[in-house]
Every structure is written in C-alpha cells, then in structure tokens.
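Structure at a glance
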Amino acid sequence: MAGMSNERILNTLRAPHISEKSARLAENNQYVFVVAPEATKADVRAAVEQMFDVKVEQVNLVNAKGKVKSFRFRAGNRQGKRKAYVRLADGQTIDVSAKA
C-alpha cells in the first residue's frame, strides 16, 4: 500500500483533533486526527505513516455525530466528524502542535 498520492493524504487527514482527551492520549503514544468521512483504517494508517514518517501500530475509527445547536430559534445540526485514534510504535512521536 505504498505511495498514496499527496492530495489523497491531505484529503484523508483533515486536522489533528486537539482536546483534553487527545492531550492525555498523546502521553501514551496515541494521537487523534479528524479524518475524511470515507477514509478507511488502511487509508489513515498509510497517510499518517507517510506524512509523519512513523510506524503505526493500530488505528481505531470513531464517527462523532454533530451536536444539535439552536440557532435563531431553529434547531440546527453541526456537521459530524470521523475521528481516527492512531497508536504509534513505542518511541515514536508526532509533534501535533506544530502542524496544527
């Protein structure tokens, strides 16, 4: 699965997901990314490995539903997102803050 095209990688990984939870996970070699809704585990693995030059141990994907927020007396839905929890091999890190 070597050689994903560059734009495919950029489409797969939307952004690092920054939160208290992701900060805690980063201490245990797990990083959280917001990924494209159609991205598969293989896509995410390949994208992260190529972009950051690291070895990915495991990928878990979560679909987060958008929250319902009221907006001018109407209920509106925020867009949902797909998050990837990526665990790296020991001793490898990604500096998420620099890329954000």
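What you see is a predicted model; the values in this text were computed from it and never measured.

Definitions and cut-offs
- Residues numbered from 1 in each chain as written.
- Predicted model: local features only at pLDDT ≥ 70, side-chain atom pairs only at ≥ 80, totals over all residues.
- Heavy atoms only, no water.
- Helix = DSSP H or I, 4+ residues; strand = E, 2+ residues; numbered from the N terminus.
- Expected span 1.5 Å × (residues − 1).
- Buried < 20%, exposed > 50% of the residue type's maximum accessible area, 1.4 Å probe, protein only.
- Core = buried A, V, L, I, M, F, W, Y, C linked by side-chain atoms within 4.5 Å.
- Contact = heavy atoms within 4.5 Å.
- Pairing = 2+ DSSP bridges.

1. A closer look at unusual backbone geometry
Positive phi, normally seen in glycine, also occurs at Asn29, with a value near 65°. Mapped onto the elements of the fold, Asn29 is located in the loop between α2 (20-26) and β2 (30-35).

2. Quick word on helix α3 (residues 41-52)
Between its first and last C-alpha atoms α3 spans 16 Å; for 12 residues at 1.5 Å apiece the expected length is 16 Å, and the two agree. Within α3, the full set of buried residues consists of Asp43, Val44, Ala46, Ala47, Val48 and Phe52. Looking one or two residues past α3, Asp53 carries a phi angle of roughly 55°, positive in sign.

3. What about the nonpolar core?
Counting residues in each nonpolar core, the largest one holds 18 residues, and the members touching the most others are Phe33, Val44, Val48, Val86 and Ile94. Every element with two or more residues in this core is listed here: β2, α3, β3 (56-64) and β6 (81-88). Sequence-distant contacts of Phe33, defined by excluding residues within four places in its chain, comprise Leu13, Ala15, Pro16, His17, Val48, Phe52, Arg82, Lys83, Ala84, Val86 and Ile94.

4. Observations regarding the pairing of β2
Of all six residues making up β2, six are buried, and the element is well covered by its neighbours. A two-sided burial pattern is seen for β2, the buried positions comprising Gln30, Val32 and Val34 on one face and Tyr31, Phe33 and Val35 on the other. Alignment of strand β1 (residues 13-16) against β2, held across three bridges, turns out to be antiparallel. Residue pairing across strands places Ala15 opposite Val34, the latter belonging to β2. Where β2 lies against β6, six bridges are found, and the strand directions are antiparallel. By the bridge assignment, Phe33 is partnered in β6 with Ala84.

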